[in-house]
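# Chains, contacts and geometry: an overview
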Amino acid sequence: MKKHLLKYLGIFLMALTLVPMLTSCTDDPVWWDDPGGNWNYTDRRLTGYWQLVSYNDDYVPESASNFFSFDGYGNGYYYYYSNGFLERERIHYWCQESYNGASGYQINIQYEYSNPLTTNYWFTHNNNTLWMQWQTAGGRVQTYVYDRINYSPW
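Let me sum up the structure you'll find in this document.

Parameters at a glance
- Residues numbered from 1 in each chain as written.
- Predicted model: local features only at pLDDT ≥ 70, side-chain atom pairs only at ≥ 80, totals over all residues.
- Heavy atoms only, no water.
- Helix = DSSP H or I, 4+ residues; strand = E, 2+ residues; numbered from the N terminus.
- Contact = heavy atoms within 4.5 Å.
- Pairing = 2+ DSSP bridges.
- Phe/Tyr/Trp six-rings, centres within 6.5 Å; stacked < 30°, edge-to-face > 60°.
- Buried < 20%, exposed > 50% of the residue type's maximum accessible area, 1.4 Å probe, protein only.
- Salt bridge = Lys/Arg side-chain N within 4 Å of Asp/Glu carboxyl O.

Turning to the environment of Tyr 151, a few remarks are in order. Mapped onto the elements, Tyr 151 comes out in the segment after strand 9 (141-149). Once residues lying within four places of it in the same chain are set aside, the contact partners of Tyr 151 are Tyr 49 and Gln 51.

With that out of the way, let us pick up the pairing of strand 8 (residues 129-135). Pairing analysis gives 5 bridges linking strand 7 (residues 117-124) to strand 8, with the strands arranged antiparallel. Counterpart to Trp 122 in the pairing with strand 8 is Trp 131. Adjacent in sequence and paired antiparallel, strand 7 and strand 8 are bridged by 4 residues, among which His 125 carries a positive phi angle near 55 degrees. As defined by bridge partners, strand 8 adjoins strand 9 across 7 bridges and the pair is classed as antiparallel.

With that out of the way, let us pick up the packing of aromatic side chains. Overall, the coordinates contain 14 aromatic pairs when judged by the stated rule. Considering the side-chain rings of Phe 68 and Phe 70, the 5.2 Å spacing of their centres and the 20 degrees angle between planes classify their relative orientation as stacked. Its relative accessible area of 3% is what places Phe 70 among the buried residues. Ring centres of Trp 134 and Tyr 144 lie 5.1 Å apart, and the angle between their planes is 15 degrees; this geometry places the pair in the stacked category. Here Trp 134 is found in strand 8, whereas its partner Tyr 144 is found in strand 9, with 10 residues between them in sequence.

The next thing to look at is the pattern of salt bridges. One pass over the full model with this rule turns up 2 salt bridges. Residue Arg 45 is joined to Asp 43 by a salt bridge in which the shortest nitrogen-to-oxygen separation is 2.7 Å. Residue Asp 43 is classed as buried on the basis of its relative accessible area, which comes to 6%.

Among the 5 residues in strand 3 (residues 66-70), 5 count as buried, and that is most of the element. Covered by surrounding structure in strand 3 are Asn 66, Phe 68 and Phe 70 together with Phe 67 and Ser 69, the residues of both alternating faces. Looking at chain direction, strand 1 (residues 48-55) and strand 3 are connected through 4 bridges and run antiparallel. Directly across from Tyr 49, in strand 3, lies its bridge partner Ser 69. Two successive antiparallel strands, strand 3 and strand 4 (residues 75-82), enclose a turn made up of 4 residues, where Gly 72 displays a positive phi of approximately 85 degrees.

Tracing the chain through its elements places Thr 143 in strand 9. Not counting residues within four places of it along the chain, the set of residues in contact with Thr 143 comprises Ser 54, Tyr 55, Asn 56, Trp 131, Met 132 and Gln 133.

Here it is, written out as structure tokens:
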């Protein structure tokens, strides 16, 4: 009798721990912070796929490149190579007009797994080349140049 009681008690306890896992239907936790303030729109010119082609005036080969996809509504993906494999993380972004720097626009990109980035940006070549530029804490200017691509490379 005691043997059966322990068996049923064990089954009951196991079921008790599994029930919340079966009935839990929560959304993904929010992983971005709303920058607030004047970060009030998403620039539709960003919509599409972008491939890094230059970093601080140096050519970037496709095998060392990274990519963005922007949906035009504040969401997208950042793709990059890690140990030869293409990795992906979600992004959330906001834009605002900028009164510092030469571009007139800033974008705040919140990465799912990486630190957020705020950068000046502008377009050339009929909005088919995207320039992103910011200054590091040490004062070094970083310039990334992305070209619009018409396909998803992944």
